[in-house]
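An overview of the molecular structure
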Amino acid sequence: MEKFRIQLCAFLCVIMMASCGDDSNDMNLDNDDNENGTLEAPVGAEIVADLAGTYTVTETTAGEHTRGTVTIGADAAIDFDSNVSFTSEDIAVGNVFDRLECCNRISVNYDEDDDGRSIRLYVDDSGVLIRVQYSLSNEDVNIEVNVE
C-alpha cells in the first residue's frame, strides 16, 4: 500500500508541475517578465484610455522615432509615430495586460501572440507615463522612447 501512495504522489506531482509550467493553452496570456509562472488574463482597454494625452518624446533609447510625440486617445487609440498607430478597434483585436503591480507597465498586444505588434506603456510610481515601447519581435523591431 505504501508503494502505491508514493507512486500516486509522484504521478500527481508530475501532473501539477506540467500544468503550472504550460502556457500553450488557447488564451493569449502575457508571459513577459513572468518569472513566477503566474499567468494573467487580459483586461479592458480602459486602462490605456486612463493615460490619454499627447506626450513629448524627450529621448529615444532604442530604434528611431521620427515625429517626436506619442498620443493616446480617450478611446485607447495609440499613435506611437509616423506609420505606427493603432485605433481603438485594433486594440479590441489584441489584448491588454495590467502589469502595473509587478512591472509598472501596461502591455498591449495587437496580434495573436507576444511576437506580433505590441506597445508597452511604462509609468512611474505615481502612474505618470514615462516611457513607451513599440515592438514587433518576429521582425526584430524595437523602438523605445522616454516621454513627458
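Residues numbered from 1 in each chain as written. Predicted model: local features only at pLDDT ≥ 70, side-chain atom pairs only at ≥ 80, totals over all residues. Heavy atoms only, no water.

**Quick look at the overall build of the protein**
A count of helices and strands for the protein gives four helices and nine strands. Secondary structure elements in the protein, listed N-terminal to C-terminal, are α-α-β-β-β-β-α-β-α-β-β-β-β. A total of 148 residues make up the protein; the buried ones form 36% of that total. The contacts in the protein between residues at least 6 apart in sequence include a share of 40% that link residues at least 24 apart. (Helix = DSSP H or I, 4+ residues; strand = E, 2+ residues; numbered from the N terminus. Buried < 20%, exposed > 50% of the residue type's maximum accessible area, 1.4 Å probe, protein only. Contact = heavy atoms within 4.5 Å.)

**Comments concerning the nonpolar core**
Counting 28 residues, the largest nonpolar core has V48, F80, I119, L121, L129 and V132 as the members making the most contacts within it. Those residues in contact with V48 that sit more than four places away from it in its chain are I72, A76, I78, I91, V96, I106, V108 and L121. (Core = buried A, V, L, I, M, F, W, Y, C linked by side-chain atoms within 4.5 Å.)

**A word on the sheet that holds strand β7 (residues 117-123)**
Taken in spatial order, the nine strands of this open sheet run β4-β3-β2-β1-β9-β8-β7-β6-β5, and their pairing is antiparallel. At either margin of the open sheet sits one strand with a lone partner, and together these are β4 (84-86) and β5 (95-99). The mean angle between the axes of side-by-side strands here comes to 20°, regardless of whether they run parallel or antiparallel. Two strands pair when backbone bridges link them, and β5 and strand β6 (residues 105-109) are joined in this way by five bridges, in the antiparallel orientation. Residue pairing across strands places V96 opposite V108, the latter belonging to β6. (Pairing = 2+ DSSP bridges. Axes fitted to C-alpha atoms, helices over the stretch in contact; angles between N-to-C directions.)

**What about the packing of aromatic side chains?**
Given two aromatic rings, one states the distance between the centres and the angle between the planes to describe the pair. One pass over the full model with this rule turns up three aromatic pairs. Centroid distance F86 to Y110: 3.8 Å. Interplanar angle 5°. Geometry classified as stacked. With F86 in strand β4 and Y110 in the loop between β6 and β7, this pair connects stretches of sequence that are 24 residues apart. In this structure, F86 and Y110 share a single accessibility class: buried. Each ring, one from F86 and one from Y134, has its centre 6.3 Å from the other, and the planes form 35°; the classification is tilted. Residue F86 is located in strand β4, and its partner Y134 is located in strand β8 (residues 129-136); the two are separated by 48 residues in the primary sequence. For Y134, a relative accessible area of 8% translates into the label buried. Of the aromatic side chains, those joined through ring pairs into one cluster are F80, F86, Y110 and Y134. Lying over the aromatic face of Y122, R131 brings its terminal NZ or CZ to 3.8 Å of the ring centre. (Phe/Tyr/Trp six-rings, centres within 6.5 Å; stacked < 30°, edge-to-face > 60°. Lys NZ or Arg CZ within 6 Å of the ring centre and 35° of its normal.)

**A look at unusual backbone geometry**
Within the chain, A76 stands out as a residue other than glycine whose phi angle is a positive 80°. Counting through the fold element by element, A76 comes out in the loop between β2 (69-72) and β3 (78-81). For A76, a relative accessible area of 1% gives the class buried.

So yeah, pure geometry; function would need other evidence.
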